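# Coordinate analysis (summary)
These are the residues of each chain, in order.
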2 protein chains.
Amino acid sequence: MSLEARYKRFLSYRADARKFTPFWHVTVPDFVKPHPKPIDLGAGMPNEGLFPVESVHLNVLDHPFEHQDYGFRSPRLHRDHDSRPPKETSDAGKPAPHNERDLVSQKFSDGSMVDIWRYEPAGSSSIPIQSGFQYNQTRGLTPLVDFCRDFISSVHPPAYDEWDLTFANGSSDSLFKVFETLSDHSTTVLVEEFTFPPTLSNISSTGATAIPIKGNSSSDPEVQGIDTEYLANLLDNWSESEHAHLPKPRLLYTIPTGQNPTGMTLSLAKRKEIYALAEKHDFLIVEDDPYGYLRFPFYDSQNPRFNPYEHGGYTIEQYRSEVLAKSFITLDTSGRVIRCETFSKVFFPGLRLSFIVANKYFISKLVEFEEVSTRAPSGVSQAVVHNVIQKWAHSFDSAVEAWLSWVMKVAGQYTHRRNVLFEALQATPAFQKGLFTLVPVSAGMFAFLQLNLDKIPNLDKPEEAMRVLGYKFMEEGVQAVQGVNMAVCKKFSFHRSQFLRVTYAYAANDEELQEASKRLSSGLERLVEAYAK
Amino acid sequence: MSLEARYKRFLSYRADARKFTPFWHVTVPDFVKPHPKPIDLGAGMPNEGLFPVESVHLNVLDHPFEHQDYGFRSPRLHRDHDSRPPKETSDAGKPAPHNERDLVSQKFSDGSMVDIWRYEPAGSSSIPIQSGFQYNQTRGLTPLVDFCRDFISSVHPPAYDEWDLTFANGSSDSLFKVFETLSDHSTTVLVEEFTFPPTLSNISSTGATAIPIKGNSSSDPEVQGIDTEYLANLLDNWSESEHAHLPKPRLLYTIPTGQNPTGMTLSLAKRKEIYALAEKHDFLIVEDDPYGYLRFPFYDSQNPRFNPYEHGGYTIEQYRSEVLAKSFITLDTSGRVIRCETFSKVFFPGLRLSFIVANKYFISKLVEFEEVSTRAPSGVSQAVVHNVIQKWAHSFDSAVEAWLSWVMKVAGQYTHRRNVLFEALQATPAFQKGLFTLVPVSAGMFAFLQLNLDKIPNLDKPEEAMRVLGYKFMEEGVQAVQGVNMAVCKKFSFHRSQFLRVTYAYAANDEELQEASKRLSSGLERLVEAYAK
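Since this is a predicted model, take the numbers as computed values, not measurements.

## A closer look at the relation of the copies chain B and chain A
Rotating chain B by 180 degrees and translating it 0.0 Å along the rotation axis places it on chain A, where the RMSD comes to 0.0 Å. Accordingly, the operation relating the two chain copies is best matched by a two-fold axis. By C-alpha distance to the rotation axis, the residue of chain B lying nearest is His-57 of chain B, at 2.5 Å. An overlap of 100% is found between the interface residues of chain B and their copies at the interface of chain A, pointing to a shared contact surface.

## Describing the packing of aromatic side chains
Evaluated as defined, the whole model comprises 57 aromatic pairs over all chains. Considering the side-chain rings of Phe-51 of chain A and Phe-348 of chain B, the 5.4 Å spacing of their centres and the 40 degrees angle between planes classify their relative orientation as tilted. Within this pair, whereas Phe-51 of chain A is found in the loop between strand S1 (39–40) and strand S2 (53–60), its partner Phe-348 of chain B is found in the loop between strand S11 (337–342) and strand S12 (354–359), the two belonging to separate chains. Its relative accessible area of 1% is what places Phe-348 of chain B among the buried residues.

## Some details on the nonpolar core
Of all hydrophobic cores here, the largest spans 309 residues; its most connected members are Trp-403 of chain A together with Trp-403 of chain B. Beyond its immediate chain neighbours, meaning those up to four positions away, Trp-403 of chain A contacts Phe-147, Phe-151, Phe-343, Val-346, Phe-347, Ile-389 and Trp-392 of chain A. Phe-72, Leu-103 and Trp-117 of chain A together with Tyr-70 of chain B belong to the second largest nonpolar core, which has 18 residues in total.

## A few points about the environment of Val-410 of chain B
Take Val-410 of chain B: it is sitting in helix H13 (residues 399–426). C-alpha of Val-410 of chain B to C-alpha of Tyr-309 of chain B: the two residues are 101 residues apart in sequence and 9.4 Å apart in space.

## Some thoughts on the sheet that holds strand S17 (residues 499–503) of chain B
All names here are of chain B. Ordered in space as S13-S14-S17-S16, the 4 strands form an open sheet in which the pairing is antiparallel. Looking along the sheet, the strands with just one partner apiece sit at the ends: strand S13 (436–439) and strand S16 (481–482). Examined bridge by bridge, S13 and strand S14 (residues 446–451) share 4 bridges and lie antiparallel to one another. Its bridge partner being in S14, Phe-436 is matched across the sheet by Leu-451. Contacts between helix H15 (residues 462–476) and the sheet are confined to S14, S16 and S17, with S17 contributing the most and set at about 30 degrees to the helix.

## Considerations on the interface of chain B and chain A
Tallying the contact residues gives 134 residues for chain B and 134 residues for chain A. In this assembly, chain B and chain A are joined by 66 residue pairs in polar contact (both at pLDDT 80 or more). Among the residues forming the side of chain B that touches chain A, the class breakdown is 73 nonpolar, 34 polar and 27 charged. Across 2 bridges, strand S15 (residues 478–479) of chain A lies against strand S1 (residues 39–40) of chain B in parallel orientation. Across the sheet, Gln-479 of chain A pairs through a bridge with Asp-40 of chain B, a residue of S1 of chain B.

## Observations concerning the domain arrangement of chain A
Domain annotation of chain A identifies domain 1 (63–111), domain 2 (137–396) and domain 3 (412–532). On a C-alpha basis, the centroid separation for the pair domain 1 of chain A and domain 2 of chain A is 38 Å.

## Structural notes on the sheet that holds S12 of chain B
Residue and element names in this part refer to chain B. Judged by pairing direction, the sheet is mixed, and its 7 strands sit side by side in the order S4-S12-S11-S10-S9-S5-S6 without closing on themselves. The sheet is open, and its two edges are formed by strand S4 (163–168) and strand S6 (209–213), each paired on a single side. Averaged over all pairs of adjacent strands, the angle between their axes in this sheet comes to 20 degrees, without regard to strand direction. Looking at chain direction, strand S10 (residues 284–288) and S11 are connected through 4 bridges and run parallel.

## Focus on unusual backbone geometry
Residue and element names in this part refer to chain A. For the bond running from Asn-260 to Pro-261, omega is 15 degrees, close enough to zero to count as cis. For Pro-261, the position within the fold is in the loop between strand S9 (251–254) and helix H9 (268–281). Look at His-311: it is not a glycine, yet its phi comes out positive at around 55 degrees. With respect to the element layout, His-311 can be found in the loop between strand S10 (284–288) and helix H10 (316–323). Owing to a relative accessible area of 79%, His-311 belongs among the exposed residues under this scheme. Despite not being glycine, Asn-458 shows a phi value in the positive range, around 75 degrees.

## Brief notes about the pattern of salt bridges
Residues and elements named next belong to chain A. Scanning all chains against the criterion turns up 58 salt bridges over all chains. Glu-512 serves as the salt-bridge partner of Arg-79, at 3.9 Å between the closest nitrogen and oxygen. You can see Arg-79 sitting in the loop between S2 and helix H3 (100–109) and its partner Glu-512 sitting in helix H16 (residues 510–532), a full 433 residues away along the chain. Ionic pairing is found between Glu-368 and Lys-365, a salt bridge with its closest N-O pair at 3.5 Å. Here Glu-368 and its partner Lys-365 are both found in helix H11 (residues 360–371), 3 residues apart, which amounts to about one turn of the helix. You can call Glu-368 partly exposed: its relative accessible area is 26%. Shared partners join several salt bridges into a network, and the residues in it are Arg-9, Glu-279, Asp-282 and Arg-336.

## Some words on the UniProt feature "domain: Aminotransferase class I/classII large" (unreviewed entry) in chain A
Under the UniProt annotation, the feature "domain: Aminotransferase class I/classII large" (unreviewed entry) is placed at residues 164–520 of chain A. Across residues 164–520 of chain A, helical content stands at 38% and strand content at 17%; the span's end C-alpha atoms are separated by 45 Å.

Parameters at a glance
Residues numbered from 1 in each chain as written. Chains lettered and ligands numbered in written order. Predicted model: local features only at pLDDT ≥ 70, side-chain atom pairs only at ≥ 80, totals over all residues. Heavy atoms only, no water. Least-squares fit on C-alpha atoms with pLDDT ≥ 70 in both. Contact = heavy atoms within 4.5 Å. Phe/Tyr/Trp six-rings, centres within 6.5 Å; stacked < 30°, edge-to-face > 60°. Helix = DSSP H or I, 4+ residues; strand = E, 2+ residues; numbered from the N terminus. Buried < 20%, exposed > 50% of the residue type's maximum accessible area, 1.4 Å probe, protein only. Core = buried A, V, L, I, M, F, W, Y, C linked by side-chain atoms within 4.5 Å. Pairing = 2+ DSSP bridges. Axes fitted to C-alpha atoms, helices over the stretch in contact; angles between N-to-C directions. Polar contact = N/O pair within 3.5 Å; in protein donor to acceptor, adjacent residues only side chain to side chain. Nonpolar A, V, L, I, M, F, W, Y, C, P; charged D, E, K, R; others polar. Domains from an automatic or database assignment. Salt bridge = Lys/Arg side-chain N within 4 Å of Asp/Glu carboxyl O. UniProt positions renumbered as here; feature names shortened; annotations may be inferred.

Written as structure tokens, this is what we have:
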């Protein structure tokens, strides 16, 4: 059965009806002998000589926070350019740079900047301005698309052959396009009971209905995440359930690794169970994986600063084959998984660059939609990512390895931050008093602080208490997200809603994480006081 | 009457129904005293120290094709790095750069590169990586949004106060969002009878119907473009017309300056007529203006290389107030014009950066849609544009002037290219024989070659002849767009469809334009031969 025959019924009516007539297409009869070097007066593209930028030079780091090692402080590179005295460093023979301009001059002289030139010679692996900054293929610039294909083949190889990928403008845009293509008013979408609210807007905008799936926050990695027994039961008994009036689900949306907001990661066993349910009940799995590469062991209070990314604890191969959670797409024999990846968390968010991996039929439909909406993502963003990775590749056996090496450095930083936060939180009075518990996390940027409101005397209305807690946090000077605000259905999730989502991604340094922990604790203690009266 | 009261009825049913619940929003009671410096553990944003790029340095030109003046040739900067010997140049005291690396080193040393640093001191006009490359406001980075507001206020000031703007990801994306917001199956959209086909896909995707408006290709600037008499008649007699079964039009979509594909520019008198019709019949005007800044006088065969942009023929003030065609929005007293601008043609297409100017109510609805779709455009693209303009601003009275100065240089290049092409075409045998006429253009990147097929003996089927012409062009080695392929309704536009859209934007140099002209002529002469039998 062809992909189209199998999956056409999953298209939204808008995607199915979409017609796009390219105005270039001409069928050429055999008797026409085309000129080998035609001059194009057809395409309305400005010549690259008209672009005001002739070349771009990127000052790229060897590892995150490398600037902290510099022997100088600069207001343009350092947040704390006043407060810390520079350390003396020197590099054999070369005078240490005194400021950021020196540094960049030196890096430019020694060829360690990453360049984007107007042109590149044939055979070069870099993207030039001529193509990168020009009108370009909607699905993405070929060299970077090829890299991402290689990357997926190596790291999350789909369990079938007829897959493909397309770029989009960041995770939100990927999901917007996926739901625009695969859901409408006749679609029921299963979602984790707590999830990222803008995705719910994407779903509801198409007319589809989102139904929450019960999940577990647990210290047992085999229990964390979607409750598969609940899910199987719901699907087996759909027509007797409270949702019988809705069509049986055609999509399941999950953030299976470092889930937002719970921080939970689905075990491999659970992924297999969910995939088996998808096969049995014929639904698609939309796997949203922005955090998967930020992978680490559970926090160990006996060894609070243990970080396997330091001192070569993981090889690239170990990271690739053992550390990373297995994507649903590696279990996908039927082509029913749509995997969404992004460069936001491992490169930077301002690129607005993501990609979607799925079967060729779905990808062709996504590209059709892109052709009449956003078209190609920023060529500047693509050229930056591609040329940086290709530069790094000189020091590795492949570009994929080079990219994994950087990603591991970022993961190492997240591991450290997670450790610092957990250590600081566990030292607080509020933790000692059992006002909150830390659910272990093995991926991502979020910690799940389970609030034990039942420990607080006189507290009978949890919703009101969470509001009061919010005010206390405002006064103490710390911001956290209340889990209840990320529930798909507050009523459904009421008993599991008293938690905070806390991130360790953004703080400037360890001290901020430690200070924030104290403020969280103070806020909770003041909540107790508020109810003590 | 408020904007909402007046314009709510124009929203598509999808835009009207859209709900977006921000999960941050909290109303804070007065008794809460917020901490002055809260630590944010809420927002899932990676710290800028985790980004692999610490600074970006742009080699920016003083004028287009500046590289042709360099005293060296390089495969990374020059397309013709082999064929032309370098000219000797020297700059008092400084050794001339030998290659591209020298050039960039020198520019970096003398501070003429444009920089994007990780941080910028307070009060700096540059966008730093810290904000530019981070998650950011959907409508665009504030410094660049502010610049665009200043720019519009100066160059195309709306004739009312309650206007605003938002960025999007290029013209196609702007139009996608505008039609998504303002049209559905209950909407009739009037469009120029020849237009850019992807926009027709945007319109039809929403369920709306596009109805063509007859236009004139004329050498009289007062007659060029939309036939306003036809339009008035159509609207006045809608219920007796062939379109009586359709709702009366709510939108009119126009590319009024350097129209694609016809190259026509609407006179100010026509713009006023069309605006008056919009007021009378209560429709909105979607003004798509990617080419407006590429403005020049009609070609003068008596003075074929006349270029007012050379030798200071136009001051910036003249260009701003006299040369530029008046945007519909400068006539807009009611807030019914949606003006779409883009950086694609005057900066470069790969930015994927555009902006939409409209009344605040419509802009808020557009931003609502952006929030649940593409979110912000590339921060890299925005930081590049902004910091380049701010750098140039040092040499001018304002950033707006600096930007206009660059734009004029690009317009000057297009003027030259238009001149070269027209001169070459008019020298061809096909032109001499009257096989085609050149309709004068005063803006944009397209020339309108009216084909005089009636001059060709034995040619009775124009459609077949155009196909044959296409094959001849393929063999001669020249590509042009056949106007018929850009008709909204081939039947409606049949008698006005025998033209070619030819662009002078992309050719590498004058010689390519001249050679292409010869090939066009040969193709046409071979068409005559084909019918001579």
